[in-house]
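Architecture and fold: a report
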Amino acid sequence: MDFSTFYDGQSFTTESVRVTKDDIFDFATRYDPQYFHVNEGKAMNSPYNGIIASGFHTISVVWAKFIGMDVLGKDCLGGVGAESIIWKEPVRPEDELTGHFTVKDKQPLSNNRGLLTIMISILNGSDREVCHATVKVVLKNQKEE
């Protein structure tokens, strides 16, 4: 989809993705090796009472599902930032996550590019929001080239 086809309020929902303990260990060992992500014994004595996923892992697995839907497609020129990322609840092993992506704003940048502001709400299997983020993505606008 090129920039011209998006509209404010447009929404997309990803398939659910299960986060396993192995997934949490693998991601955290490489990218966020805090003790409550990689050490079960120490994590039991943390405020979380067990292993939890990195917040960046939470965003990454849902973002991958969104990209797999090919909503942004070949017209995406990349992200330019995040206005906010709020981790509201921990993600635990075997949680099922679903991403809800909503176009919050659409601004032309030039004749052939536009900026989408996208709100992301990530829910667990109990329909509790575990993460909320707002990101900005630049897209081509082929209809005005």
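The coordinates are above.
One structure accompanies this document, and this report is about it. (Residues numbered from 1 in each chain as written. Predicted model: local features only at pLDDT ≥ 70, side-chain atom pairs only at ≥ 80, totals over all residues. Heavy atoms only, no water.)

Our focus in this paragraph is the overall build of the protein chain. Summing up its helical and strand segments, the protein chain has four helices and six strands in all. In the protein chain, the succession of α and β elements from N to C terminus is β-β-α-α-α-α-β-β-β-β. Referenced to the eigenvectors of the C-alpha coordinate spread, the extents of the protein chain come out at roughly 60 × 30 × 25 Å. With 145 residues in all, the protein chain has 41% of them scored as buried. (Helix = DSSP H or I, 4+ residues; strand = E, 2+ residues; numbered from the N terminus. Buried < 20%, exposed > 50% of the residue type's maximum accessible area, 1.4 Å probe, protein only.)

The residue Asp70 is not glycine, and still its phi comes out positive at about 60°. Within the fold, Asp70 resides in the loop between helix H4 (55-68) and strand E3 (76-87). A residue is classified by how much of its surface remains accessible, and Asp70, at 51% relative accessible area, is exposed. The backbone of Glu94 sits at a positive phi, close to 80°, despite the residue not being glycine.

Time to look at the pattern of salt bridges. Per the stated rule, a full pass over the model turns up nine salt bridges. Lys65 is paired through a salt bridge with Glu15; the nearest N and O atoms lie 3.8 Å apart. Of the two residues, Lys65 sits in helix H4 while Glu15 sits in the loop between strand E1 (11-13) and strand E2 (17-19), which places them 50 residues apart along the sequence. Residue classification places Lys65 among the partly exposed residues on the basis of a relative accessible area of 29%. What makes Glu15 exposed here is its relative accessible area of 58%. In this structure, Arg18 engages Glu96 in a salt bridge whose closest nitrogen and oxygen atoms are separated by 2.8 Å. Of the two residues, Arg18 is situated in strand E2 and Glu96 in strand E4 (residues 95-110); the sequence distance between them amounts to 78 residues. Where salt bridges share partners, they join Arg18, Glu94 and Glu96 into one cluster. (Salt bridge = Lys/Arg side-chain N within 4 Å of Asp/Glu carboxyl O.)

Within the element layout of this structure, Glu129 appears in strand E6 (residues 129-140). For the pair Glu129 and Gly99, spaced 30 residues apart in sequence, the C-alpha separation works out to 9.7 Å. Those residues in contact with Glu129 that sit more than four places away from it in its chain are Lys88, Glu89, Ser121, Ile122 and Leu123. For Glu129, the side chain forms a polar contact with the side chain of Lys88, separated by 2.7 Å. (Contact = heavy atoms within 4.5 Å. Polar contact = N/O pair within 3.5 Å; in protein donor to acceptor, adjacent residues only side chain to side chain.)

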